[in-house]
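# Summary of the model geometry
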Amino acid sequence: MFKAFYTVVMRDLLLAVRNRSDILTTVFFFIIAISLFPLGVGPELNTLREIAPGVFWVAALLASMLALERLFAIDYADGTLEQMLITPQPATILVLAKVLAHWLITGVPLVLLSPLLGLQYDLSSEAIQVLMLTLFLGTPSLSLIGAIGAALTLGLRGGGVLVSLLVLPLYIPVLIFGAGAVEATVSGLGGAGHISMLGAIFLLSLVLSPLATVAALRVSAE
Amino acid sequence: MLEVNNLEVIRGDRSLFSELGFSLNTGELLHLLGHNGSGKTTLLRTLCGLIKPSQGVVSWKGMNIRRQRDEFALEMLFLGHLNGIKADLTAVENLRILSRLDGLDVSDDELWQVLEKMGLYGHEDLAVGVLSQGQKRRVSLARLLLSKSPLWLLDEPFTALDKAAVDFLQTVIAEHVENDGMVILTTHQDVGLTTGEVKQLRLGWKKDGDV
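Now for a look at the structure at hand. (Residues numbered from 1 in each chain as written. Chains lettered and ligands numbered in written order. Predicted model: local features only at pLDDT ≥ 70, side-chain atom pairs only at ≥ 80, totals over all residues. Heavy atoms only, no water.)

### Some remarks on the overall build of chain A
Rules: Numbering goes from the N terminus for both helices and strands, where a helix is a DSSP run of H or I of at least four residues and a strand is a run of E of at least two. Only protein chains enter the accessibility calculation, which uses a 1.4 Å probe. A residue is then buried if its area is under 20% of the maximum for its type, exposed if over 50%, and partly exposed in between. Only heavy atoms enter the contact rule, under which two residues are in contact if any of them lie within 4.5 Å. In short, Shrake-Rupley with a 1.4 Å probe defines the accessible areas, and a residue's cover is counted only from the protein chains shown. Residues scored as positive are Lys and Arg, those scored as negative are Asp and Glu, and His as well as the terminal groups of each chain are ignored. For this purpose, a charge sits on NZ of Lys, CZ of Arg, CG of Asp or CD of Glu.
Each helix and strand in chain A was counted, giving 9 helices and 0 strands. In chain A, the succession of α and β elements from N to C terminus is α-α-α-α-α-α-α-α-α. Its C-alpha atoms put chain A at 55 × 35 × 30 Å along the principal axes. Within chain A, the fraction of its 222 residues that count as buried is 53%. Sequence-distant contacts in chain A: of pairs separated by 6 or more residues, those separated by 24 or more amount to 82%. Carbon together with sulfur atoms contributes 74% to the accessible area of chain A, which is approximately 9800 Å² in total. Within chain A, one finds 9 positive and 12 negative side-chain charges whose respective centroids are separated by 13 Å.

Next comes the structure, spelled out in structure tokens:
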């Protein structure tokens, strides 16, 4: 079982390396979306500091959603997905492996880039630390929740738009607590409560999302 | 071993087949016949558990396959219309991943040998995307040579293959049946077997020669 998990993670990472444009689009989207705000809002540092958590988190949501479409769609089109569903491995494990690989490809770069982009918003080092922590805790939840939407819209025309309608509302709690944690820390209230909530959301989606995703995949693969 | 009882599958709002029943034992080959759209592929996908029948039961060793997904999956190999291989990976990589997911422990040497047997010598480490349609099919069919599953479900396995490959595949299938395997396949070609039994099942309402 662990071997199958490892095989699928390595497979998806290898595919991402062979097809680098997929990773780069998400990452560049994140960079550009965040860099546009200071240009549009103007160089008023107080304003920038205030809007930074929200901007970072909204950009992370959109970037993560942008990458969702590719999570299962290519495997579905070339038949590897249906083969995965009829292997003697638990499908939840395989889905979890795919989501982990997806997060490593599209989530981790966002976490690592955030300190650099934070400089544009004159964030304090404390705020940047909390921002990284919340992104680190929150982006896996985004991938997990998004996987359900991606599985549900497999093979549908205009699936991309439908995914955003399905998934974005579900992302709202992550957005509120993620951005809230940074704001609370900066204002001196302490973000521990928000961060605990992010952790709870992650654990909940870790348990429930693979089950829902597998059920949706089985329906889509019929 | 494989038993089908009172099976009905509805796609959209049309019933493709109903009250379908047959059984398959070791050393038997079932040749599915029928005109285009008669439900051959749907039947195969139902038998491997991808499609849920609207009525009836497919059972393997006396138990519903939907109650024993993982056990059944271990003893069944399904090759569909889609090759199920990644265009960006090489033939060896594709085969390695597929056999690991099938729960097989295959060494790299074996993978290369199997691909050579399939007539892919010199193409093992090319991205599958650059291979021809027939060569892609050969990569996918190489799984048959590695498989330890008794039941093979093959959907049009001969498409895109050249004559030599068709003959080779015929012998592979014949050997599998001879060794107490079971094969269900759809094809518009004749299937010859030296030993074992060939059953035929005709789906649809049209007669031979009707368009």
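### Some details on the interface of chain A and chain B
Heads up, the rule is: As a working definition, buried area equals the accessible area (1.4 Å probe) given up by two parts on being put together, with both sides summed. Think of a salt bridge as a Lys or Arg side-chain nitrogen and an Asp or Glu carboxyl oxygen that are within 4 Å of each other. The definition of a polar contact used here is a pair of N or O atoms within 3.5 Å, where within protein one atom must be able to donate a hydrogen and the other to accept one, and adjacent residues in sequence count solely through side-chain atom pairs. Residue classes follow a fixed rule: Ala, Val, Leu, Ile, Met, Phe, Trp, Tyr, Cys and Pro count as nonpolar, while Asp, Glu, Lys and Arg count as charged, and any other residue, Gly among them, counts as polar.
With 29 residues of chain A at the interface, the matching set in chain B holds 30 residues. Summed over both partners, the interface of chain A with chain B buries about 2600 Å², with 56% contributed by carbon and sulfur atoms. Its largest share of buried area at the contact with chain B, chain A owes to Ile86, Pro88 and Glu222 of chain A, together 25% of the area lost on that side. Where chain A packs against chain B, one counts 6 salt bridges. Here aspartate 75 of chain A makes a salt bridge to lysine 86 of chain B, at a shortest N to O gap of 2.4 Å. Applying the counting rule to chain A against chain B returns 14 residue pairs in polar contact (both at pLDDT 80 or more). At 8 residues, the largest contribution of residues to the side of chain A that touches chain B is made by helix α1 (residues 2-18) of chain A. Here the residues of the side of chain A that touches chain B are counted per class, giving 14 nonpolar, 7 polar and 8 charged.

### A closer look at the environment of threonine 187 of chain B
Residues and elements named next belong to chain B. Mapped onto the elements of the fold, threonine 187 is located in the loop between β8 (182-186) and β9 (197-203). Measuring from C-alpha to C-alpha, the distance between threonine 187 and leucine 33 comes to 7.2 Å, with 154 residues separating the pair along the chain. In this structure, threonine 187 is in contact with His31, Leu32, Leu33, Glu156 and Phe158, ignoring residues within four places of it in sequence.

### Some details on the sheet that holds strand β6 (residues 76-79) of chain B
Residue and element names in this part refer to chain B. Keep this limit in mind: Only strands that DSSP links by at least two bridges are regarded as paired with each other. Note on geometry: axes are lines fitted to C-alpha atoms, helical ones only across the stretch in contact, with angles between N-to-C directions running from 0 to 180 degrees.
Strands sit in the order β6-β7-β8-β3-β9 across an open sheet of 5 strands; the sheet is parallel. Whereas interior strands pair on both sides, the edge strands pair on one side only; in this sheet they are β6 and β9. Neighbour to neighbour, the strand axes of the sheet diverge by 15° on average, direction disregarded. Relative to β8, strand β3 (residues 28-34) is paired through 5 bridges, and the arrangement is parallel.

### Concerning helix α6 (residues 108-118) of chain A
Because an α-helix completes one turn every 3.6 residues, residues spaced three or four positions apart along the sequence face the same direction. Among all positions of α6 of chain A, only Pro109, Leu110, Val111, Leu113, Ser114, Leu117 and Gly118 of chain A are buried. Those residues of α6 of chain A that are buried lie in contact with α2 (21-41), α3 (45-78), α5 (91-106) and α7 (125-152) of chain A.

### Here we look at the sheet that holds strand β1 (residues 2-11) of chain B
Residue and element names in this part refer to chain B. Read from one edge to the other, the open sheet built from 4 strands follows the order β2-β1-β4-β5, with strand pairing classed as antiparallel. The open sheet terminates on both sides in strands that have one partner only, identified here as β2 (14-24) and β5 (63-64). In terms of strand pairing, β1 meets strand β4 (residues 55-60) through 5 bridges, oriented antiparallel. Looking at the pairing, valine 4 lines up with valine 58 of β4. Across the sheet, helix α1 (residues 40-47) is in contact with β1, β2 and β4; its angle to β1 comes to roughly 125°.

### Concerning the packing of aromatic side chains
Residues and elements named next belong to chain A. As a reminder, the rule being used: Centres within 6.5 Å are what make two rings of Phe, Tyr or Trp a pair, Trp counting through its six-membered ring; a difference in plane orientation under 30 degrees is then read as stacked, over 60 as edge-to-face, and the rest as tilted.
As enumerated under the stated definition, the model contains 5 aromatic pairs over all chains in all. When the ring of phenylalanine 30 is compared with that of phenylalanine 56, the centres are 6.5 Å apart and the planes differ by 80°; the resulting orientation is edge-to-face. Note that phenylalanine 30 is positioned in helix α2 and phenylalanine 56 in helix α3, a separation of 26 residues in sequence. Like phenylalanine 30, the residue phenylalanine 56 is buried in the burial classification. Aromatic side chains phenylalanine 56 and tyrosine 121 sit 5.5 Å apart centroid to centroid with 70° between the ring planes, which places their arrangement in the edge-to-face category. Linking phenylalanine 56 in helix α3 with tyrosine 121 in the loop between α6 and α7, this pair joins segments that are 65 residues apart in sequence. This pair shows no difference in class: phenylalanine 56 is buried, exactly as tyrosine 121 is. Feature note: the residues Phe30, Phe56 and Tyr121 constitute an aromatic cluster, connected by ring pairs.

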